[in-house]
Amino acid sequence: MLRSTMLYRTALTIDCTNTEQQPDIFTTVRGRAASWLDSKGHGAEALGSSGQHRLDASTTLDVVGSYNPDGEEVGLRLQFIEQHAQRWTTTLTALGPDADRTGLVAISLECHTNGSVPPSGPPRVIRELVAALPVIDGLAPDADGGRAPVTRLTSSPNHIGVDDVDDLLEVLTHQDRRRPVIVAARPHQNSTDWTWRTDKTWDGAAGFASLYLLTDQAAVTAFRREIGSHHWVAPGSVRTYLPEVDPAWPADGYRHRFLSYQRMTDRRDEAWRHIAAGVQDHTLDSPLPERLASLVLLNTNPAPIPSPKQDDQAPTPLVPVEATSEISRLTGMVSARDEEIDRQQRAQLSLQQHLNDANAKLTTSEANADSELAEHLDSLTLLDRANQEINRLRVLLMARGAGNEAFDQPETDDSPPRTFEEVLDRIASLPGVVFTGDRSRTLSLDDTDTRKVPGWARKAWLALQSLSSYAEISTSEGFSGGYLQFCLRSPRGAVVISANTVAMVESDQTLNQWANERVLPVPPQVHPEGKILMEAHIRLDVRGSISPRIYFYDDTTGPSRKILVGLIARHLTNTKT
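Residues numbered from 1 in each chain as written. Predicted model: local features only at pLDDT ≥ 70, side-chain atom pairs only at ≥ 80, totals over all residues. Heavy atoms only, no water.

**Student:** Mind laying out unusual backbone geometry, listing which residues take part and the relevant values?
**Tutor:** Positive phi, close to 60°, is recorded for Arg101, a residue that is not glycine. Mapped onto the elements of the fold, Arg101 is located in the loop between β5 (87–95) and β6 (102–113). Looking at Arg101, the relative accessible area reads 36%, which means it is partly exposed. For Glu244, which is not glycine, the phi torsion reads 65° and is therefore positive. Within the secondary structure, Glu244 sits in the loop between β14 (238–241) and β15 (258–259). The class for Glu244 is exposed, based on a relative accessible area of 52%. (Helix = DSSP H or I, 4+ residues; strand = E, 2+ residues; numbered from the N terminus. Buried < 20%, exposed > 50% of the residue type's maximum accessible area, 1.4 Å probe, protein only.)

As structure tokens, then:
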């Protein structure tokens, strides 16, 4: 039995928001497909009519065109099948603009074989379609009230000079970006090996990632200044940025793989090939857009075919009884065949939906694994700092003749809380924090996911200790900055948490729609109405429907001189809910 392997798959989103220059998706797809067929020695005549066409003894082309009642083309599928030692299936699917004014073009390459799959590159038609159509990754509101692409997918890299660095940073950190971004930095000196390898990388990554090139040293320097030393791209290096880049979180830099100039130019090192392969795999593992996942495309005529008019005076032909019986039998067979096709299509749709759901879960699991690895590395960094501080204090104690005290480990029952009830019971012991929220909303967390509650409670307690530490240092010693800067700078003796879990503001869209959920209780001395908008929050989890948050208000320079915690509960409504 032949085993099927999907080698490449990408779904290109086409920007149709520009009413003055509407892309002709179907004409472009047919034109590029014709060029592609011509390169394989086949004519393009078959593209003009629906149905299955045999191009030669081992090659077929299946064309499905779908039209609405007005004769407007709304869907097209071209499936090119080559039967050699293996069966190779290349499928192009195009859909016209939807309500969001975006079209779709999907391309896939599948191999059916009994043995190992031979090496093969992505179909050339992918790169040609990217060059011919306005392919985008994400649409976001712009300043004029419309919507603009987050980034464009191109067949060659976008050049980034020093004045374009802010635009690149916005692309990397934009929450609506779904595809990887490959950024290369031009080396100090010209290298034919580096140029050849990066050119091959651009070719292989076209249609799977957006591509950028930092053109000179000034751009490299500006980019490092803006994104930080943990996420930058050194001259001659190439880095792949996954979605949800967080420059404020040093450990997040580990998620975004890079190759140095030395490895990019070492002829014995083939790791550069994994740059394009990595973004191809990322796209292959990502779920299909819903429009494609639920698509059943059937042939329909572009316009109704009028029935020929019969002469009223022409005699009605007599049909023999035997012919009538045969017609009935054939009609029944056709009806049964139509029912079978319909059943197969429903089964295919169900299987495709299951596959899409599985891919979505896999993508989420991989993203969670990356996030957990970064959190683990961040925790190890904090632990290493704590151990260094302990060792420094031990050296000072021993120098003063208190060696026994330096290594004394007193017994303590002060174990971390395992429930939110314990957290609330202990919060009064923190001198820099006052809880002003609704206890019942916090206690309800203990009745949610029993497997995760102990971890959430422990994280919440550490976060509250950190907030108290910030309040104490800010009001006694002084600290030039807010709580996020406090976690990033880690003053001596401070209790800090990962800055990645801290958000000091909400998005404008969230506040425009759900600001009232974030108006939380405070003492009247802080605000005469007894409530205030709290945007700053700490994420105790980023996965699942509960994902608890701690919302707080920094009043260290106000009348209470403390951190006011207005909510510890499941996450509030936002644009991703």
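**Student:** Go over the pairing of strand β22 (residues 562–569), please, and point to the residues and values.
**Tutor:** Burial within β22 is extensive, with seven of its eight residues counted as buried. For strand β16 (residues 433–435) and β22, the ladder comprises three bridges, and the chain directions are parallel. Bridging across to β22, Val434 finds its partner in Leu564. The pairing of strand β21 (residues 549–555) with β22 spans seven bridges and is classified as antiparallel. (Pairing = 2+ DSSP bridges.)

**Student:** Could you give an account of the pairing of β6, with specific residues and numbers?
**Tutor:** For β6, the buried fraction is high: 11 of the 12 residues fall into the buried class. As paired strands, β5 and β6 are joined by nine bridges and run antiparallel to one another. Residue pairing across strands places Leu92 opposite Ile107, the latter belonging to β6.

**Student:** Explain the sheet that holds β22 residue by residue, including any values.
**Tutor:** Across the sheet, five strands lie side by side as β16-β22-β21-β20-β17; this open sheet has mixed pairing. Looking at strand neighbours, the two that pair on one side only are β16 and β17 (502–503), the edges of this open sheet.

**Student:** Can you lay out the pattern of salt bridges for me, pointing to particular residues and giving the numbers?
**Tutor:** Pairs can form between side chains of opposite charge whenever their charged atoms are close. Inspection of the entire model under this criterion finds 13 salt bridges. In this structure, Glu270 and Arg197 form a salt bridge, with 3.8 Å as the shortest nitrogen-oxygen distance. Linking Glu270 in the loop between α6 (261–265) and α7 (273–285) with Arg197 in helix α4 (residues 192–205), this pair joins segments that are 73 residues apart in sequence. Overall, Glu270 belongs to the partly exposed group, its relative accessible area being 36%. For Arg197, a relative accessible area of 6% translates into the label buried. (Salt bridge = Lys/Arg side-chain N within 4 Å of Asp/Glu carboxyl O.)

**Student:** Break down α4 for me, citing the residues and quoting the values.
**Tutor:** Taking 1.5 Å per residue as the helical rise, α4 with its 14 residues ought to reach 20 Å, and the 20 Å between its terminal C-alpha atoms agrees with that figure. Within the sequence span of α4, burial applies to Trp194, Arg197, Thr198, Thr201, Trp202, Gly204 and Ala205. Burial along α4 is one-sided: seen end-on, the buried residues are contained in an arc of 165°. Residues of α4 that are buried make contact with β12 (181–185), β13 (210–214), β14, α6 and α7. Remark: Gly207 follows α4 within two positions and exhibits a positive phi of approximately 90°. (Expected span 1.5 Å × (residues − 1). Arc of directions from axis to C-beta. Contact = heavy atoms within 4.5 Å.)

**Student:** So what about the environment of Phe420? Which residues, and what values?
**Tutor:** Assignment of secondary structure puts Phe420 in helix α11 (residues 420–426). Of the residues examined, Phe420 reaches a relative accessible area of 0% and is grouped as buried. Spatially, the C-alpha atoms of Phe420 and Pro454 are 8.4 Å apart, while their sequence positions differ by 34 residues. Aside from chain neighbours lying at most four places away, what touches Phe420 is Thr442, Leu443, Leu445, Asp446, Val453, Trp456, Ala457, Ala460, Leu540 and Ile568.

**Student:** An account of the sheet that holds β14 is needed here, citing residue identities and associated values.
**Tutor:** Read from one edge to the other, the open sheet built from five strands follows the order β11-β13-β12-β14-β15, with strand pairing classed as mixed. Only two strands of the sheet have a single partner each, and these edge strands are β11 (158–160) and β15. As judged from the five bridges shared by β12 and β13, these two strands associate in the parallel manner. Across the sheet, the residue bridging to Val183 is Tyr212, located in β13.

**Student:** Which residues make up the packing of helix α3 (residues 165–173) against helix α5 (residues 217–227), and what values do they have?
**Tutor:** Here α3 crosses α5 at 45°, and the two axes come no closer than 10 Å. With respect to their mutual orientation, α3 and α5 come out oblique. In terms of crossing hand, the pair formed by α3 and α5 is right-handed. In this structure, α3 uses Val165, Asp166, Leu168, Leu169 and Leu172 to contact α5, whose residues at the interface are Ala219, Ala222, Phe223, Glu226 and Ile227. Of the residues assigned to the contact of α3 with α5, the class counts are eight nonpolar, no polar and two charged. (Axes fitted to C-alpha atoms, helices over the stretch in contact; angles between N-to-C directions. Parallel < 35°, antiparallel > 145°, perpendicular 65-115°, else oblique. Left-handed = near helix turned anticlockwise from the far one by under 90°. Nonpolar A, V, L, I, M, F, W, Y, C, P; charged D, E, K, R; others polar.)

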